[in-house]
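Chains, contacts and geometry: an overview
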Amino acid sequence: MKKVGLQLYSIRDAMEKDVPGSLKKVRDMGYEYVEFAGYFGYSAEELRNMMDELGLKCVSVHQSYQDLLDKPEETIAYLKTLGVKYFVVPYMGKENHKGGEFFEKTVENFKNISALLKASGMKLLYHNHEFEFEKYEDKFLLDWLFETVGSENLETEIDTCWVKYAGYSPEKYILQHKGCAEILHLKDFVGNTGLEKTRDENNFSMKPIGEGCQDWESILSAAEEAGTEYFIVEQDDYFDTNSLDAVKRSRDYLKSIGY
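Being a predicted model, the structure only gives us computed values, none of them experimental.

**Notes on the overall build of the protein chain**
A count of helices and strands for the protein chain gives 11 helices and 12 strands. Relative to its length of 259 residues, the protein chain is compact, with a C-alpha radius of gyration of 18 Å against a globular reference of 18 Å. Dimensions of the protein chain, computed from C-alpha atoms along their principal axes, come out at roughly 50 × 45 × 35 Å. Looking at the protein chain residue by residue over its 259 residues, the buried ones come to 52%. Element-wise, carbon and sulfur atoms account for 45% of the exposed surface of the protein chain, whose accessible area totals about 11400 Å².

Here you go:
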């Protein structure tokens, strides 16, 4: 059975209004796993009880790593109660990447928080956007990060949309990280690709899985070969529907192809 989850940022409007009801709708769609991005004022115990009642599991979270630096014991306790396996850094500014003012400090911080997470049975991951495919000294910023921190300290959560949008092959990039791509973001879109123009100039818009330009057969085949275990749907924005309908369409498509 494929392990398919939802990044709850995708339905943040619904979650802000009704967390228990939204989680139930997610489970009813056929998602068995969730990835939190914010906790909407609930304690870890409250969220864990909601999920247990529905048969949902929290496999990962998007959260600022500053929380692990500022309040490590409290943050680890919260994550362990949720049942988290992967702590994902969702974004960093360019100043924290190679060539930026804070790159060396970021590498040091990542190694320290990775050790903290590993001691509690969790892994540190980084989630990319498109700009990390800009180059410094002829190498992607993203590759500088992974290679400098080291795969023993940092694994990938490759966002397939942003790899494709940047003008590169998601399947090739997934295979480049074979063995270190246990969790993958599935995201579809329409529009032109390439970093030379803005998203607006490229007529970029996100779509439910299977309704955009992504070659899912090739992407998912590469993910299987790379050892991906969890497939997380994410859709940041909506242009022709609402969030709950969009993520249901994504889940229905994945079911239709055996996921």
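**A short note on the sheet that holds strand 12 (residues 230–233)**
Within a sheet, adjacent strands bond to each other through the backbone by hydrogen bonds, running parallel or antiparallel. Reading around the barrel, the eight strands line up as 1-2-3-4-5-8-9-12 and close back on themselves, with parallel pairing between neighbours. Pairs of neighbouring strands in the sheet enclose a mean axial angle of 30 degrees, with direction left out of account. Examined bridge by bridge, strand 9 (residues 183–186) and strand 12 share four bridges and lie parallel to one another. Considered in strand 12, the bridge of Ile183 is made with Tyr230. Its contacts with the sheet put helix 6 (residues 103–118) on strand 4 (86–89) and strand 5 (123–127), and the angle it makes with strand 5 is roughly 135 degrees.

**A word on the packing of aromatic side chains**
Per the counting criterion, the structure on display carries 17 aromatic pairs. Geometrically, the ring pair formed by Phe133 and Phe140 is edge-to-face, given 5.0 Å between the ring centres and 70 degrees between the ring planes. Residue class for Phe133 comes out buried when judged on its relative accessible area of 2%. By relative accessible area, which is 11% here, Phe140 ends up buried.

**Here's the deal with the pairing of strand 3 (residues 57–62)**
Taking burial as the measure, the six residues of strand 3 include five buried ones, the bulk of the element. Taken together, the four bridges between strand 2 (residues 33–36) and strand 3 define a ladder with parallel strand orientation. Its bridge partner lying in strand 3, Glu35 is registered against Ser60. Traced from strand 2 through helix 3 (residues 44–54) to strand 3, the parallel crossover comes out right-handed.

**Some thoughts on helix 5 (residues 72–82)**
Within helix 5 the residues assigned to the buried category are Thr75, Ile76, Tyr78, Leu79 and Leu82. Looking down the long axis of helix 5, one finds its buried residues gathered within 160 degrees of arc, a one-sided arrangement. Exposed positions of helix 5 whose direction lies more than 90 degrees from the buried face are Glu73, Glu74 and Lys80. Residues of helix 5 that are buried in the fold lie against helix 3, strand 3, helix 4 (66–70), strand 4 and helix 6. Phi turns positive, to about 90 degrees, at Gly83, one or two residues after helix 5.

**Focus: unusual backbone geometry**
Of note, the phi angle at Glu137 is positive, near 50 degrees, even though the residue is not glycine. As for its placement among the helices and strands, Glu137 is situated in the loop between strand 6 (135–136) and strand 7 (139–140). One non-glycine residue with positive phi stands out, namely Asn203, at about 55 degrees. Tracing the backbone shows Asn203 in the loop between strand 10 (188–190) and strand 11 (205–207).

Cut-off values and rules
Residues numbered from 1 in each chain as written. Predicted model: local features only at pLDDT ≥ 70, side-chain atom pairs only at ≥ 80, totals over all residues. Heavy atoms only, no water. Helix = DSSP H or I, 4+ residues; strand = E, 2+ residues; numbered from the N terminus. Rg over C-alpha atoms; globule rule 2.2 N^0.38 Å. Buried < 20%, exposed > 50% of the residue type's maximum accessible area, 1.4 Å probe, protein only. Areas by Shrake-Rupley, 256 points an atom, 1.4 Å probe, with all protein chains shown as cover. Pairing = 2+ DSSP bridges. Axes fitted to C-alpha atoms, helices over the stretch in contact; angles between N-to-C directions. Contact = heavy atoms within 4.5 Å. Phe/Tyr/Trp six-rings, centres within 6.5 Å; stacked < 30°, edge-to-face > 60°. Right-handed = clockwise from strand over helix to strand, strands pointing away. Arc of directions from axis to C-beta.

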